[in-house]
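What follows is the residue order along each chain.
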Amino acid sequence: MRMNPPQLEIDVLAAVISESMAAQQEDQMLAHNAQTASPKNGPPKLKLQPDFQASADHRYHIHDLLRYHDRVFVQVAYRAVLKRSPDERELLRDLQRLRSGNTNKIDLLAALRFSAEGRAKGVRLDGLVVPALIRRLGQLPVLGYAVRLGIALVRLPNQIRDQREFGSYVLSQHEQIADFINLTGDQINSLVNEQQTIAQRQADLFDDVKSRIDTLRADAVQQLTALRFRIGDLSNLDLDTLYVALEDRFRGTREEIKERFREYLPYVRDNGPVIDLGSGRGEWLELLTDNAIKARGVDRNSFQVEECRARGLDVTEQDLFAYLANTANESAGAITGFHIIEHFSFNALVALLNEVMRVLRPGGVVIFETPNPENIVVGSNYFYLDPTHRHPLPTELMEFLFKNRGFEKIELLPLHPWESGRVAGAGQLAERFNAYFYGPMDYAVVGRKIGA
Amino acid sequence: MRILIATVQVPFIRGGAEIHAEGLCDALHQAGHEAEILAIPFKWYPPEKILDHILACRLLDVTEVAGTRVDRLIGLRFPAYLIPHPNKVLWILHQHRTAYELWDHALSDLVYYPNGSQVRDAIEQADRKLIPEARAVFANSRNVAQRLKRFCGIDSTPLYHPPPNAEKFYYTEAEDFLFFPSRLCIPKRQELALRALAMTRNPVRLSFAGTSDHPDYTPKLESMARKLKIHNRVEWLGGINEDEKRSRYARALAVVYPPVDEDYGYVTLEAMLASKPVITCRDSGGPLEFVLDQTTGLITEPTPEALATAFDFVWENREQAAAWGRAGRVRYESLNLSWTNVIQKLLA
Amino acid sequence: MDQRNSEAARMKINWFCPLPPAKTSIADDYLVGILPALANQTELILWTDQSTWDRNLENLAPVRRYDPDRISWPELNQADVTFYNIGNNHLFHAAIWQVSRRHPGIVVLHDLRVHNFFDSLYRRQWSDVAGYLAQMKRYYGDEGLRAAKDLVNSGAANIDFMIEHYPLTPLALENCLAAVVHSDEAFARVAAMREWPVVHASLPRSLPPQHNDGASLRLMERPYRLIMFGYMGRNRRVDVVLKALSALPERDCFRLDIFGEIPDARSLRRRIAKLDLGHLVRLHGYTPETELNKALRTSHLAINLRYPTMGEASGSQLRIWYHALPSLVTDVGWYSSLSRDTVAHVRLEHEVADIQSHLRAFLKDPQPFAAMGQRSLRTLREQHNPERYVRTILDVAAAARQFRVRKSAYDLARRAGTMMGSWTSKASHEPIRIAEKICEVFGP
């Protein structure tokens, strides 16, 4: 028994699996495409020649076939005579021959019919033999011409009729084409209209969207403003005027203050130029200028800066840290700050001291004045009259800091005792009481940079 | 050891096989092992689905879980026992019976499908080729081992195990009824018992305990009892809890259990534990490995007449029946059924 | 079930086949030839959808009638294996093919090219053109679909082309366990499909032990009797033979008898008259067996040309050999594989010339042709005897279990592929990995 061995082979099975996978994917894709494909309503196809219907008894007259032309004729010829469609190669070859004029339709029909395949298929083509024969004769070397001439003369009436027929055929074809073009034109017009409608709709949509955005933006701005009010983000301008009013109310008059500053003159007389940080109303600057000591100030309060400038003082409106950062090393003889250090956080204070150290000339002096927390009334009450004060700075703390930052010849100067408030009495109680409650209300801490 | 018990589940249906797997799992836990039941959902119709399940089982990898090895795989049922594992031991409850001894049986489903014989041969091929992969093959009973040898040419060792809660069974004086506890379905042959009951000369009473898989089967049995005019001698207990069941065993005159070609059969052992005689049939399979005819019970032809004779006998000879029952208990003890033994063999 | 494991037991076999008096040589010659040996060695059941059958068959084997829509699967499953005889004629094989698609069995493929079968079945019997197109697409892609549409639109004008290029053989074998074929060509083609196991067995024809081949009765004297018989369709090349004969100068030395049904007999007579062969050619129409055999016994040369062929092994050719007749055959298909010393070949491109040259040679010396006849009888006895054929059938039946396992592997592979195809796009290793797993279970 001859048998093809039935062993299972892995690669054959793997091929079966792959094929099934591919088939399944193709099915799914087809199903998917069928769902998503949109129905096409394009222009109909133009058919200039009728469809070919095969004859049931495999019998044709050549006239049935001759009424087709060109490519369609070749296809019809194969389907009638050989009962199959021509493949690509055959179609191109025969079409080319026809078009070049080397062969005509009769030749092609004859060639197909009398080929081995054609004979085997045995289709009956009536009316083929004679024209085929005549054609052959017409191709003979010398006699051929005479034959062709004779045939042509004989056929002349037919030719004329054919010509007319052909003329009207051509005309009708042109009409068909014209109709088709008109139809297509109409389709194009409607497409263009659709296009315009779409464009218009788009423009409307755009406008709509734009107006919505504007409305949204206005809303947003309103909300934002309200929000800022809530979190207390007022413009600085408002605060500045408030501060001025505050100082005027609680600090004392300009003259009083200027008087008090005299105490510091000896420290800075030979230590110009002086930078006064947080120069405020400018009393100290004025005093220095009066005493021909070069001095300049820096403050953030634009009103006070205006005022100082109006008095001819050299004041910059800037954040004092920024100002210091822009100042060159060892360029100042003295740096002063009156009632500024109680405004800073501890970190800022340390940073300030570092900067001061940098900017001071060797041997330069730094003076900071601040409320004295040893005075209980100051430490618990008056210190907080300025809401921007952070917390009282004990003298020991400042002394320590100065030392820690490298300043030497540190002095602590008790200032401005509250004479008028003292209680009368001689005993320890009165003494202590007066010391705690009516002693110096401010103090200054003075330090020098090492050097000349 | 880390042990996986590979078995099969038919969702929403619970039977002896589930109890068996759980019993094994508990016993393994008590012996100090880590054990878990791995149940594959199984659908056997249309028949080609079985082949899909075989492939699915072969594609599973349970050699290790999260980096830790699984030391042993114990396979209980088809096709879960085909899952590959280097240390596999099979304790086969039964193969896919409709491809083997139930092939031409009225109960078979495979033979009714046009591609039935093709799938049958495929199942046999899988069993023959892949069962020997295991390092040891045990069978639930001698019956199962014989089938395995007969159809697949594979040797296996019968390995018995005790029914669940064996220590809780007890006996008391026999009352006037025979007890037939079993799932209500055709292979258990409640219908045969009913027909036999109709032919007894004594007013024998029979109590059935158990529910049916198909909702219309119980009514069918009940109407059969009515048609045979024995419905006033039959009690349908339905699903009863374990205590109730043990009480019935304890009080029964005898236990009736004539299934067709049973793999193992807890009922036989439970009856023996309750010291009651067992009435079974020549073609019942598993029970025959335990029941000794006219020593611990009666083995009859699977006909209504023969069963009726047996019913009448125990009804009329109460002393004899009780003696047989006690002998059954003694026989049970002699079999030395214990989970310790089982585990020792499976993990050797 | 145990019987399957025991070799000694007789195999139980279902045999689906057209039964006499169905007008096909598969019933008359083939089945009748092998039935005694087959029924003797197996437990055979004949299955048929015909409404009548020769009751004598039941002396050899029981006959079961079936309806393809309502057939008893358990009964089929109880046998060891089922055989399906399938040929190109939808009248005799449609029901058989339908059952074969559902219950896998072994197909005895009598014709390789079965396009006619499916064309007639889908389009005419079932009026299901879509079904026909779908099958053409499935097996031959878009190209096949286009050709099929051509066929539908042209009223099957291109049918010869379709038969040759789109034989639809795999559709006939769909779902089978294995194929039995009778020609080398069929064997090669089915083997090339690499899906089904295929077995070659020579078409059987029974020879009674004391067979009188009539050679002795044949007096080698003129006029020599040429004989053609069977249904004289287009593919029998009658016109070619007439043409060759009429153009032969020595034509009066021959007589030609044509037995068998002739479509359009009138036009054939006209052609005969036109060729002036009226006194040499006689048309007998349909003839009962005994008379045909008598004619064969007294003939000298048979003409059994075929083009196109369905790739079948010809029962009529065996019948010619049975009578130890030399014969002219076309050099295509199965006929090509016949040895030159048992037949005389006629080339398709030179039919007339070859026929004439053979006839001339016969005239010159008829002896070699007579010897050819004797040799062909010997070939019939040795290679085409029914016992040998039945042995092959039994060997194939014994391997049925193996074939089933193999088929399960293929089915599973296809289902796995389809399942994976719905969620993987390109997978290089998956098919091989799954194939390995499948072979692990179903391989040797």
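Just above sits the structure.
Residues numbered from 1 in each chain as written. Chains lettered and ligands numbered in written order. Predicted model: local features only at pLDDT ≥ 70, side-chain atom pairs only at ≥ 80, totals over all residues.

## Some points on the interface of chain C and chain A
- On the side of chain A, 31 residues touch chain C, which itself brings 42 residues to the contact.
- Looking at the side of chain C that touches chain A, the elements that each hand over two or more residues are α6 (159-165), β7 (198-200), α16 (386-398), α17 (400-421) and α18 (430-442) of chain C.
- Counting residues per element, the side of chain C that touches chain A draws most heavily on α17 of chain C, which supplies twelve residues.
- Within the side of chain C that touches chain A, the residues separate by chemical class into 21 nonpolar, 13 polar and eight charged.
- Note that strand β1 (residues 2-3) of chain A and β7 of chain C share two bridges and pair antiparallel. (Contact = placed C-beta atoms within 7 Å. Helix = DSSP H or I, 4+ residues; strand = E, 2+ residues; numbered from the N terminus. Nonpolar A, V, L, I, M, F, W, Y, C, P; charged D, E, K, R; others polar. Pairing = 2+ DSSP bridges.)

## Comments concerning the nonpolar core
Residues and elements named next belong to chain C.
- The biggest cluster of nonpolar side chains holds 74 residues, and the ones touching the most others in it are V107, L109, A178 and A179.
- With ten residues, the single largest contributor to this core is helix α1 (residues 25-41).
- Beyond its immediate stretch of four places on either side in the chain, A179 contacts V107, L109, L173, V190, W196 and V198. (Core = buried A, V, L, I, M, F, W, Y, C linked by C-beta atoms within 7 Å. Buried ≥ 20, exposed ≤ 12 C-beta atoms within 10 Å, placed from the backbone.)

## Section: the sheet that holds strand β6 (residues 88-94) of chain B
All names here are of chain B.
- Judged by pairing direction, the sheet is parallel, and its six strands sit side by side in the order β2-β1-β5-β6-β7-β8 without closing on themselves. Single-partner strands in this sheet number two, and they are β2 (34-41) and β8 (157-158).
- By the bridge criterion, four bridges tie β6 to strand β7 (residues 136-139) in an arrangement that is parallel. Bridge pairing in β7 links I92 to A139.
- Running over the sheet, helix α1 (residues 16-30) touches β1 (2-9), β2, β5 (72-77) and β6 and is turned about 175° from β1. (Axes fitted to C-alpha atoms, helices over the stretch in contact; angles between N-to-C directions.)

## A closer look at unusual backbone geometry
- Looking along the chain, the bond that leaves Y45 of chain B and enters P46 of chain B is cis, with omega of -10°.
- Take P46 of chain B: it is sitting in the loop between β2 and α2 (48-59).
- Cis geometry is adopted by the peptide bond preceding P308 of chain C, which originates at Y307 of chain C and carries an omega value of 0°.
- By the element assignment, P308 of chain C lies in the loop between β11 (301-304) and α12 (315-322).
- Residues other than glycine seldom take positive phi values, yet N165 of chain B does so here, at roughly 55°.
- Examined against the element boundaries, N165 of chain B turns out to sit in the loop between β8 and β9 (178-181).
- Residue classification places N165 of chain B among the partly exposed residues on the basis of 15 C-beta atoms within 10 Å.
- Residue Q294 of chain B is not a glycine yet carries a positive backbone phi of 60°.
- Topologically, Q294 of chain B is positioned in the loop between β13 (278-281) and β14 (297-300).
- Under the C-beta neighbour-count criterion, Q294 of chain B is labelled partly exposed, with 13 such atoms within 10 Å.

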